[in-house]
Every structure is written in structure tokens, then in C-alpha cells.
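Structural description and commentary
What follows is the residue order along each chain.
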Amino acid sequence: MTNNLTQAPKLDSSLQRRLALEIQGATHFDPFSLGRYATDASVYQMMPLGVIVPQNLEDVRKSFAIARDAGVPVLPRGGGTSQCGQTVNNALVIDTSRHLNKLLELDVENRRCVVEPGIVLDHLNAALKPHGLWFPVDVSTSSRATIGGMTGNNSCGSRSIRYGTMRDNVDAIDALLADGTPLHFGPVAPDLATANKASPEHDLFRDLLALGAREAEEIRQRFPDVARRVGGYNIDALVPANGIPGNGAALNGETAGGNNLSHLLVGSEGTLAYSTRIELRLSPLPQTKVLGVCHFASFYEAMDATQHLVSLDPAFVELVDRTMIDLARDVAMYRPTIEGVVRGNPEALLLVEFAGDDQNENLRRLKELGERMGDLGFAWNEDGKHWGGVVEITNPSEQSALMEVRKAGLNIMMSMKSEGKPISFVEDCAVRLTDLAEYTARLTAIFDKHGTRGTWYAHASVGCLHVRPVLNLKLDEDLRKMRAIAEEAFDMVAEYKGSHSGEHGDGIVRSEHHERMFGTRMIRSFEEVKDRLDPEGLLNPGKIVRAPKMDERALLRYGADYKEADFRSLLDWSAYPGAAGGFQGAVEMCNNNGACRKLDAGVMCPSYRVTKDERDSVRGRANSLRLALSGQLGPDALTSDDMIETLKLCVACKGCKRECPTGVDMSKMKTEVLAARIGKQGLGLHDRLVAYLPRYASYASKAPWLPNLRDRIPGLAKVMEGVTGFSAKRKLPKWRSDSFDERAAGMTGEAAPEPDKREVVLLADTFNRYFEPENLHAALAVLSAGGYKVLFAQAADSKRPLCCGRTFLSVGLIKEAEIEAERVIDALLPFVERGVPIVGLEPSCLLTLRDEYGALFPGDSIRQGQVAKIASQAVLLEEFLSREMESGDLNLDLKPVAEKAFLHGHCHQKAFAALTPVQRVLGLIPDLKVETIESSCCGMAGAFGYGTETYDTSLQMAELSLLPKVREAAPDDLVIADGTSCRHQIADGSQRKAQHVAQILKSALR
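Residues numbered from 1 in each chain as written. Predicted model: local features only at pLDDT ≥ 70, side-chain atom pairs only at ≥ 80, totals over all residues. Heavy atoms only, no water.

1. Here's the deal with the overall build of the protein chain
Along its length, the protein chain carries 43 helices and 27 strands. Principal-axis analysis of the C-alpha atoms gives the protein chain an extent of 95 × 75 × 55 Å. For the protein chain, the residues scored as buried account for 63% of the 1006 residues in total. Here the contacts in the protein chain between residues at least 6 apart in sequence split such that 74% fall between residues at least 24 apart. Within the structure as shown, the protein chain displays about 36,300 Å² of accessible surface, and the carbon and sulfur contribution to it stands at 49%. Each charge class in the protein chain was averaged separately, 117 positive and 133 negative side chains, and the resulting centres sit 4 Å apart. (Helix = DSSP H or I, 4+ residues; strand = E, 2+ residues; numbered from the N terminus. Buried < 20%, exposed > 50% of the residue type's maximum accessible area, 1.4 Å probe, protein only. Contact = heavy atoms within 4.5 Å. Areas by Shrake-Rupley, 256 points an atom, 1.4 Å probe, with all protein chains shown as cover. Lys, Arg positive; Asp, Glu negative; His and termini not counted. Charge placed at Lys NZ, Arg CZ, Asp CG, Glu CD.)

2. A short note on the nonpolar core
Counting residues in each nonpolar core, the largest one holds 110 residues, and the members touching the most others are Phe-135, Ile-147, Ile-235 and Leu-280. The dominant element in this core, judged by the number of residues it contributes, is helix α18 (residues 476-495), at 8 residues. Contacts of Ile-147, omitting those with residues within four sequence positions, involve Val-115, Pro-117, Ile-119, Leu-121, Leu-124, Phe-135, Met-166, Ile-278 and Leu-280. Ranked by size, the runner-up nonpolar core spans 104 residues in total, among them Ile-678, Leu-693, Leu-829 and Ala-969. (Core = buried A, V, L, I, M, F, W, Y, C linked by side-chain atoms within 4.5 Å.)

3. Remarks on the sheet that holds strand β6 (residues 112-115)
Spatially, β5-β6-β12-β8-β9 is the arrangement adopted by the 5 strands of the open sheet, whose pairing is antiparallel. Each having just a single partner strand, β5 (103-107) and β9 (182-185) make up the two edges of the open sheet. Within the sheet, the average angular offset between the axes of one strand and its neighbour, ignoring direction, is 10°. Of the pairings in the sheet, the one linking strand β8 (residues 170-176) to strand β12 (residues 274-281) comprises 6 bridges and is antiparallel in character. Among the inter-strand pairings, Leu-176 is bridged to a residue of β12, identified as Tyr-274. Its contacts with the sheet put helix α4 (residues 121-128) on β5, β6 and β12, and the angle it makes with β5 is roughly 40°. (Pairing = 2+ DSSP bridges. Axes fitted to C-alpha atoms, helices over the stretch in contact; angles between N-to-C directions.)

4. Describing the pairing of strand β3 (residues 74-77)
Because side chains alternate across β3, one face comprises the buried residues Val-74 and Pro-76, and the other comprises Leu-75 and Arg-77, equally buried. Both β3 and strand β4 (residues 92-95) contribute to a ladder of 4 bridges, which runs parallel. Of the residues in β4, the one forming a bridge with Val-74 is Leu-92.

5. Considering the packing of aromatic side chains
According to the stated counting rule, one finds 19 aromatic pairs in the structure shown. A cation sits over an aromatic face here: Lys-668 above Trp-573, 4.2 Å from the ring centre. Against the face of Tyr-946 rests Arg-730, its NZ or CZ located 5.7 Å from the ring centre. (Phe/Tyr/Trp six-rings, centres within 6.5 Å; stacked < 30°, edge-to-face > 60°. Lys NZ or Arg CZ within 6 Å of the ring centre and 35° of its normal.)

6. Describing the sheet that holds strand β22 (residues 788-791)
Read across the open sheet, the 4 strands follow the order β22-β21-β23-β24; overall the sheet is parallel. Two strands bound the open sheet, and with one partner strand each, they are β22 and β24 (874-876). Geometrically, the sheet is characterised by an average inter-axis angle of 35° between neighbouring strands, direction not taken into account. For strand β21 (residues 758-763) and strand β23 (residues 838-840), the ladder comprises 3 bridges, and the chain directions are parallel. Bridge assignment links Leu-763 to a residue of β23, and that residue is Gly-840. Those strands touched by helix α36 (residues 861-873) are β23 and β24, and its axis lies near 30° from that of β24. Each of β21, β22, β23 and β24 is contacted by helix α37 (residues 877-887), which is oriented at about 95° to β24, the strand it contacts most.

Pasting the structure below:
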């Protein structure tokens, strides 16, 4: 077994050809694709032999048969978010998430459904919601976790105290054995009366039940007496009426004279069979919820209080500790939630939810929660360890926002910008609640002993807290610490008769410790089960039984031959550790949590939402970059055609900058790679036309008829397509002769103080200046009506207007962007230093001053200081107006203009939390109802939507949600979009005219 792509075994070329020929779905054997499937959310990396993306179940059967003939191991994989290494192996990976993701049957009356393994939990629950049902195993990765993966892992979720684990909610599984035999695993009577005696399953099921009967006493003695145990195989499911806690007996009736053999497959991590159909037990969707946020001045006191709070019958009790609170405050999208909920400076929070159909009953129990805290001695007016109390949250949106912070807990921890990262290996041990306070204190002492620390969070209600000590696994010393901590921690858990594997499974990190926890005899029983179902050992070998060492360097993401990048970066990555000026460290921030695979809510990641291809996720791109930088994809991989193909559909939306929990900024990374590519291969005509547009725009505007001929002469666009790279399917923006001129508009660049007027600088961007000057005129009118003296800035040379440099950044011409940035900085600085706001209209341009400018001058402290000053004063028009509203300084007299408006936010507005000001400002217009369209990127993304190779993907992005919603608009409804490219996409795709908010405000002026 190996983590190294160059050393990993390869599939025979004839076998590759056979798979490609016989499989309808996609097959991948190239280094870049294999590398993207070599990691999950664990610390491990194992190179696959190949990747199959089956189109249907027949593809799976054929893949199994071909692999079996060749003796090749097989690894089923869903979202690839496992934290223990379950979903990596030197095997043929079968990715079920792209096509095998259907809801096959739904029985609302009996609360049952049947699904394919690749369906994502959130998507399933969205389909169930209209029926008042949900699947309640609510894992924090619900936006990308597949039911197949959750079944293989025996996932739990925050509400397991009420709903149990996956095992408690799976009724049956249809599966393929390694030899291709299809079997139905479900309830069977002890005498196998429900199984056909002539069928293949009869002998298998008979042998399994015999093993359960033989080992019944050993199972009773050895299996932990806690609600959370997912370690090893669930062979307790083979023992009727065994009464083992955590085995689902109480919920699923295994004590009623029979066994449910599907529960043996639950938690087996793809090592026993491949699930093709999974029958699930559904629950009524709670109609109302309330949340109590219990504050504690002492972590120990919070842990000790948990056992008393659980007696109130909550849906969950979730822990968030002080470190998590502080880290969440540093994440822009979570800061408002934390500041709105957290009172004072608690050492720990316990989030307690009560849920049901009767809100009055929920409120009664919420009051009882406060009383219970008082009974335990906690009060807001107490000092020391008894300071605390309950903040009540009854608003559903506020509850959801806080739970999003909790669900992102792991990834918030992983956002630490240091060589050491919180490492998963003891993070989900489970103990009884009476032992919880003492256990956490002792484990903290173990961390201290080894010179590290941990952050605690998650499932206090079931004694299963997540904690990850901070280690740098590139160092042998820290690798030795990992083993020492694990052994000491697991010994302590065994002492408490707890579980060393309470939620996240076994994989590589915990499987070797089963003997320590269960004993040798139990391990032999596990091996017997494995050998009976998979005698050739072809299904995900090395997991649960016959496992490698958890600290085997050859299996780690950072192996013995992991290299530092020999690469000189041009942008400033100094906030990160590592080679290439921190660029490598920034890439390594991706921990494969898979948040970029979500298909709804937010912006990230528009390209993945269209293609569903791992290559086009932020995670897939980051993995390719990491492997290339460390030399694992061969020489010059960073600037290769394969890398450019990997990055091609990245639209630089910046959704990942805000929404990726670890802050991976793929837009910035793409710019760095494109710059390196230009250094090797130069710049093509298409990119040159895009990049240098601001420098030839003034000439084009003097004779606009000439560039406009492209779309006026029939057939010319098609002729030019091959040369320029602009798709003939779309018209280019129309050049105008009436471009915006500040002096002609009556603006001045000189400071002439007028006591009754406040000054602002209107920074005209290239796109509005030359293509839609009416927007700038509208902004000038609005600002003037508000009583502001509107100034403009110009470069010292005055040869051409200022430009932010974004077009140069979009193709990788970083040095040219620096030249533009310096012109802008020097022109704006005098205004900024006397406190004059800089107001812009185009989000992608104005926000460049607040984002990319900070990375353009590495090592230049003077320029960086100037950039910081400008960034603090640079705002979009609606941000400025909103700020003036809040201070009471805005004076606009507006009239009604329409009854309803549909608002589409530019990606960069969303990334920088600049969409809310638009909504607030539009609220000034009388009688206007604004509906914000829930959409990702519009798909135009600057020049992306005009490209020959990207036009189709561009439209597909728009059709996900934006264009269908715009088409719902009535003829008299307004469509509002601040982004130039957004407006063009809307016009091209729906034949509706979208307007900048400046135009709407101008039309509303009395």
C-alpha cells in the first residue's frame, strides 16, 4: 500500500481498455484523476488504481466482474468526506455520487423509502419535506454526505439521542457480494424461515447467525455499554435479544424473535458488500423547535452539567468550546451569528434543542432548562465557575444560523493557518455521561503531556465529543505523538468501558486498535465475517480487519518523500506557512471536507454544480495543486495542459473564499497558476484581448462601429471565433461612442470644500464607462440628490482613465495588474487620507481594491499600508448609501417605481457580504417588494461566458436557478443586478433587461 502516485501499482492497459469499453459511465486512469480520489477528509492518501463513475447499476456489476477476474480490489465511494481513511485505497474506486443518486420508492403512510447509495442526505430530505417527513440522521456534512456512505460508516448526527444512528434507521439493504451475487439483507427469523433454502443467502445467513449464537456471551462482555459504538462489525446484530446498548435493538425490534441482517452491513465501510438499494425508516418532520444556549464559565462544569440537562428529554445537547467560539468570530460568514448569541466570554456553550409539533410544550421545556441551570447553581450574576445562564432562541432563522456554525465546527478548527493542524484520531470516543467531565479533563491532561492542545465540540448528549489535538504530521516527532496519545486515550476509554469509535468509523486510523478494545477473540470473529462474505479480500481491504498501522508514513498525505515546492509565487501568501512564499501552505489548507460539493445554498461551487465532476470542485482543484506542487504529478505539472483543464471552469466567483470553512481561495490560486503558465508558454490572443481591454477601450470608443462589426455582419462572428476564442453563439458587449467622461458630467477632481456638502469619489470602472455609461450618470444623480459633492480621481499621467486591473488578473498577468493598481492607489490616496469615501458600481472592480490589492505587493510594507487605507474606504454605491442610512445622514426623497423587483447578487457581493446593503437601500423605495433570487454564479463571470470552450457551461450555470426565476417575473417587475456580466447573461438567456441599482434609485428620485 502506498500514497505515492509514481510508486502506486497500475492497472494493466488491457484492463483499462476493457473497463473503458464495457462501462457506459466515465472511466479515469490518468494521474490527475487518480490524485483527486487519493484522499478523503482524513490524514491519509492512497492512490487508486482507477476510477469508475457508473452510469447505472449494470456498470457496477460489470466493474465488479472485471475487477474480480483480474484480482483487483474495489472501493465503493460516496462524497469522500470520511475522516478516518475509509474511502481511500489502492483499489478501483467506484464513485456512486454522480449518477446512482435516485429516490426509488416512497411510502408516506408507512414512513419508508428506498434509495440508491449515491443520494445526498439534504437532497433526500428536500424530497421528503413536502410529505412532512425526513431522514433524521442529521450529520454535519448533510450537504454532500451520501446515504451509501452514511450506511457504510454507521453515521449518527447531532440528534442521535432521539433518533439513533444509521443502524436504527435502516430496514433493509440490497447488495452485491464481491463474487457478484446479489443478496437482500433484511429481517430474518431465527430458523431462516424467510430465506429460500435453495438460495445463496441461506447458507451464508445460517453461518452468520451461528457465529452470533456462538459468540453471544463474548459480545455481551466486550461490546461497550454506551449509546455510540460504531467500531468493528455489528456482529451483535446476529444475536437475538442481546440487549447491547447502541445496537438498535430498542428501536428496530431485534429482540422480537429475529435479526435484521442489514445491520451487519451498516458500519462495514464497504468491506463486506456493495449496497445497491437501501430501505430507510423515516420520521415525522418536527414542526417547531426552540434552542437554549447554555453558557458556562468552566468547561468542566459544562461537562458535568450535561447529564442533568439530558434528563429534560432534548432533541440534542451540543457542545461548542471557547476556542471554537473565537475561531468562528474570525470567519466572516459566522461572525454576526456568534456576536448575536454569545453573552460575555464563556468557556463553553451547550446548545439544547427541544423539538416537536407543540410549540407551547417546547417553550415550557425551554423555561424548565433555565430553571434546571439555576438548580445547578448557574446564574448571570454569579462570579467564577457558577457564572452562566441560558440565551433563548425561538426564531427559526437564528436557530439555523447557529446550527450552521456548530455543523461547521470541524472545518472552522481546520482553518488554523499553521503547519500544525487539528488531527483526527481520538476525536469521537464515547463514554457514559457520568464519566464525561472526568474523561475530558484526563484527555486534556494527555494532550498537555505531549505538548499540544485540543478543541472540543459536538455531541455532549451522548458522551461523544469531538476533539482534535494540534499536530504537524510532516514531522516524525509529531507522528510519534499521535500514536502515544492514541494509545493512552484508548486505554483510558477502555477503562471507562466506553467506545474508541463513536461516530466517524474505523478506516485506517482506528482499525489497528480493535484488539486493544475488543480482545483477540472478537477480532477473530470480525475476520471470520469478512472472510465469509469476501473470501478473496477484494472489498476495501485493510479496513476494520487486517489493518495497517495508523501511523504508517507510506499511507499519509504527507509521506516520507513529500516535497516542498520549487516555485516562486508572485502574489502574497505570507499569511500561510510552507514553501513558495506560503502558496503551498495555502493549498494545503484544503482538508477535503467536501463543502464545495453542495448543490444548493450559497455560491460555491458553480462549476461543480453543473458538471458534478470531482475535477471541477474546489477540493478537486486543490488536490491537483497540492500534488503538482509537491512533485507527485511529475515535472512541470503545475503549468501543464492537465492543470489548465482542471482550472478551466473555475469562474473566480470567490464563493470558496467565503464559504469554504478552511478559506481556500481558488480564484487567487488560479491567478497564480495562470501567471506561471504565461511564464512558460506566453499569452494567447483571446486572453490578450480580454486582459488589455482597459488599455485599448478609449480607442475603440472613438470608432465603436469598427469593433461592433463583429455582431453586425452575418457570419463574421463565426469566422472570428477560431481566431479570437469568442463564441459566435453570443454577441459581445456593444461599444459606445458616448462613454462616460467625468468632466463632461460636471464632476471635478479638485478638492473645493463646500460646508453643506460631504465629498465622495465616484470611481468609474472600465465596463460601465465604455458599455453602460448611463449607470455612472445615474449614480452621479443619486449621490448629488443626496447632497454629496461627487469628485473623481485620475492618474498623475492623465493619459487614460483609472482601471482596477481585474482583467489582467483574470488571465494571470499579475505584473500588469500591479501597474494598474499603483495608478489607482496613487490617485486615490490623497482622498482617502482626508477621509473621503471611494464609491464604485461594478462589484468585481471595486472589491478588487479590498481583496486582490492586498496580495499584489508581497514584502512591500509601504504599499500594503496604502492598500489597507484604501480598502477601508472603498465601498460599493449601495454599501455607502446603507452606511449613510445607519448614521442618519442619508437624505433621499424617493417615489414608487414598481410593485416588485427580482434581485440577483453578484458573486463578489455575496463573498464580501455586500448584498444585504442592496436589499436595505432598495427598501427605501416606497411599495417595492424585493425578492432576492437564491442563485449561485450567473455563469457569465467576466469573459468566461463568451469563451468558445466555456459558453455552454456558462448557460448551464445560469439555468440552475437564475434564469428560471427571472422568467417568472411579470413584465412590469424589475430585474436588478449590479454586475455587468450578470446583466448581460440575464439579457442573453431570458431576453429581460436587468438594471443596476443606481438606475432604479435614479428613477425613484422625486
